[in-house]
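Here is how the chains run, residue by residue.
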Amino acid sequence: MENVGVLMTCSMSTYLEQELEKRFKLFRLWESSSKAQFLAGFGESIRAVVGDTKVGADAELINSLPRLEIVSSYSVGLDKIDLNKCRERGIRVTNTPDVLTDDVADVAIGLALATLRKICLADGFVRSGQWRNGDFELANKFSGKSIGIVGLGRIGTAIAKRAQAFGCSISYHSRSKKQNTNYKYYPNAVDLAANCEVLVVACALTNETRHIVNQEVIDALGPKGVLINIGRGPLIDEPKLISALSEGRLAGAGLDVFENEPDINESFFRLQNVVLLPHVGTDTVETSKAMADLVVANLELHFLKKPLLTPVV
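Going by what an unreviewed UniProt entry lists, the protein chain is known as Hydroxyphenylpyruvate reductase and is assigned to Sesamum alatum. Recorded in UniProt under Sequence similarities (unreviewed entry), the annotation for the protein chain is "Belongs to the D-isomer specific 2-hydroxyacid dehydrogenase family."

Structural data, given as structure tokens:
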């Protein structure tokens with residue numbers, strides 16, 4: 001397979017890059033000063049694309065690659081891939097589900113704890129020497145809270161199980177009611193938000209879910225509510241969220257994802273009631289390797305004309 005051209009859209013994993021280079025003819029799109037010039041020169045040589053949450057395979061890229069056969073995403077989300085274009089062209093698509101579920105669920109719980117218990121603020125309180133002058137302010141407990149989850153898929157279910165271990169009650173909103181759970185179901189995000197104290201956003205980003213957390217949902221969650229997002233940034237109307245946090249209409253937020261990563265709205269930096277992470281939900285040594293291995297395995301199986309491990313298209 002060393003003559004099979006594989007295009008990495010951006011720098012995402014040194015290990016993945018090394019493993020691809022061992023097996024294929026690897027092209028690195030981000031190293032080119034001109035994307036158009038690069039594709040004009042090498043487009044005919046590329047039969048596979050490896051993308052991630054930053055740069056996937058949009059219609060423009062797909063149209064530039066006449067011999068493209070497969071897009072293997074180094075992520076579970078598919079919002080950076082034009083799936084309709086792939087279906088039209090008969091291009092296979094794979095992602096990396098399951099192997100990252102635990103890490104993302106762990107981060108969701110970590111964000112909830114950090115936000116409610118004001119862990120980041122408390123750390124700064126100690127480091128700045130303020131503890132010598134008095135005790136830190138009271139925070140809020142996480143155990144026993146009512147948790148609402150938007151999107152009860154693999155990750156949402158894993159979050160629910162972890163929250164239950166803290167004595168939390170669970171409710172959810174998904175496209176349809178799940179048959180294999182006793183969690184309380186709400187047919188829309190507004191009703192879910194009105195009946196929970198911590199709202200966790202864990203659904204996929206689609207045209208239907210973009211800004212699913214809007215002004216109405218934020219108002220329903222209310223001034224004692226906390227919002228956690230480990231899905232995708234555009235699931236939340238960020239200007240509405242920032243206004244609510246600034247004005248005390250929402251108690252706090254814990255965010256791993258943003259609408260314009262990494263150039264996020266700097267208004268977040270001035271808020272003391274929000275915990276900000278740089279989209280690191282899957283970023284552990286163990287999971288990064290497992291994701292990379294799955295990307296490579298899907299590519300190898302495709303070019304060996306064998307069934308894919310995690311096919312999407």
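1. Observations concerning the overall build of the protein chain
What the protein chain contains, in helices and strands, is eleven helices and twelve strands. Rg of the C-alpha trace for the protein chain: 21 Å, near the compact-globule value of 20 Å for 313 residues, within the 12% margin. Projected onto its principal axes, the C-alpha coordinates of the protein chain cover approximately 65 × 50 × 30 Å. For the protein chain, the residues scored as buried account for 50% of the 313 residues in total. For the protein chain, restricting intrachain contacts to residue pairs at least 6 apart in sequence, the fraction spanning at least 24 positions comes to 56%.

2. Some points on the UniProt feature "domain: D-isomer specific 2-hydroxyacid dehydrogenase NAD-binding" (unreviewed entry) in the protein chain
According to UniProt, the "domain: D-isomer specific 2-hydroxyacid dehydrogenase NAD-binding" (unreviewed entry) feature falls on residues 109–281. Helix makes up 30% of residues 109–281 and strand 16%, with an end-to-end C-alpha separation of 11 Å.

3. A word on the sheet that holds strand 3 (residues 46–51)
Across the sheet, which stays open at both edges, the five strands sit in the order 2-1-3-4-5 with parallel pairing between neighbours. Of all strands in the sheet, those bounded by a partner on one side alone are strand 2 (25–28) and strand 5 (92–94). Taking the axes of each pair of neighbouring strands and ignoring which way they run, one obtains an average angle of 20° across the sheet. Across four bridges, strand 1 (residues 5–8) lies against strand 2 in parallel orientation. Across the sheet, the residue bridging to Val 6 is Leu 26, located in strand 2. Along the sheet, helix 1 (residues 14–23) contacts strand 1, strand 2 and strand 3; its crossing angle with strand 2, the most-contacted strand, is approximately 140°. In the packing of helix 11 (residues 285–303) onto the sheet, contacts are made with strand 1, strand 3, strand 4 (70–73) and strand 5, and the angle to strand 4 comes to roughly 165°.

4. Brief notes about the nonpolar core
Counting residues in each nonpolar core, the largest one holds 51 residues, and the members touching the most others are Leu 16, Leu 20, Ile 149 and Ile 159. By residue number, the principal contributor to this core is helix 5 (residues 101–116), which donates nine residues. Counting residues in each nonpolar core, the second largest holds 30 residues, with Cys 196, Cys 203, Leu 235 and Leu 241 among its members.

5. So, the side chain of Ser 174
Locating Ser 174 in the fold gives a position in the loop between strand 7 (169–173) and strand 8 (184–185). Of note is the side chain of Ser 174, whose polar atom sits 2.9 Å from the backbone nitrogen of Leu 152. If near-sequence neighbours (up to four positions away) are discounted, Ser 174 is found in contact with Gly 151, Leu 152 and Tyr 185.

6. Thoughts on the pairing of strand 6 (residues 146–150)
In regular strands, side chains alternate between the two faces of the sheet. Along strand 6, five of the five residues are buried, which leaves the element largely enclosed by surrounding structure. Of the two faces of strand 6, both are covered, the one formed by Ser 146, Gly 148 and Val 150 as well as the one formed by Ile 147 and Ile 149. Inspection of the sheet shows strand 6 paired to strand 7 by five bridges, in the parallel sense. Paired with Ile 149 across the two strands is Tyr 172, which belongs to strand 7. Relative to strand 9 (residues 198–201), strand 6 runs parallel, the two being bridged by four bridges. What sits directly across from Ile 149, in strand 9, is Val 200.

7. Examining the sheet that holds strand 6
Where strands meet in a sheet, backbone hydrogen bonds hold them as pairs that are either parallel or antiparallel. The strand order across the open sheet formed by seven strands is 8-7-6-9-10-11-12, and the pairing between neighbours is parallel. Both edges of this open sheet fall to strand 8 and strand 12 (274–276), since each of them pairs with a single strand only. Bridging between strand 7 and strand 8 involves two bridges; their strand directions are parallel. Along strand 8, the bridge assignment pairs Ser 171 with Lys 184. With respect to the sheet, helix 5 is in contact with strand 9, strand 10 (226–229), strand 11 (252–255) and strand 12, its orientation differing from that of strand 10 by roughly 150°. Strand contacts of helix 10 (residues 238–247): strand 10, strand 11 and strand 12, with the helix running at about 140° to strand 11, the strand carrying the most contacts.

Reading the values: the criteria
Residues numbered from 1 in each chain as written. Predicted model: local features only at pLDDT ≥ 70, side-chain atom pairs only at ≥ 80, totals over all residues. Heavy atoms only, no water. UniProt positions renumbered as here; feature names shortened; annotations may be inferred. Helix = DSSP H or I, 4+ residues; strand = E, 2+ residues; numbered from the N terminus. Rg over C-alpha atoms; globule rule 2.2 N^0.38 Å. Buried < 20%, exposed > 50% of the residue type's maximum accessible area, 1.4 Å probe, protein only. Contact = heavy atoms within 4.5 Å. Pairing = 2+ DSSP bridges. Axes fitted to C-alpha atoms, helices over the stretch in contact; angles between N-to-C directions. Core = buried A, V, L, I, M, F, W, Y, C linked by side-chain atoms within 4.5 Å. Polar contact = N/O pair within 3.5 Å; in protein donor to acceptor, adjacent residues only side chain to side chain.

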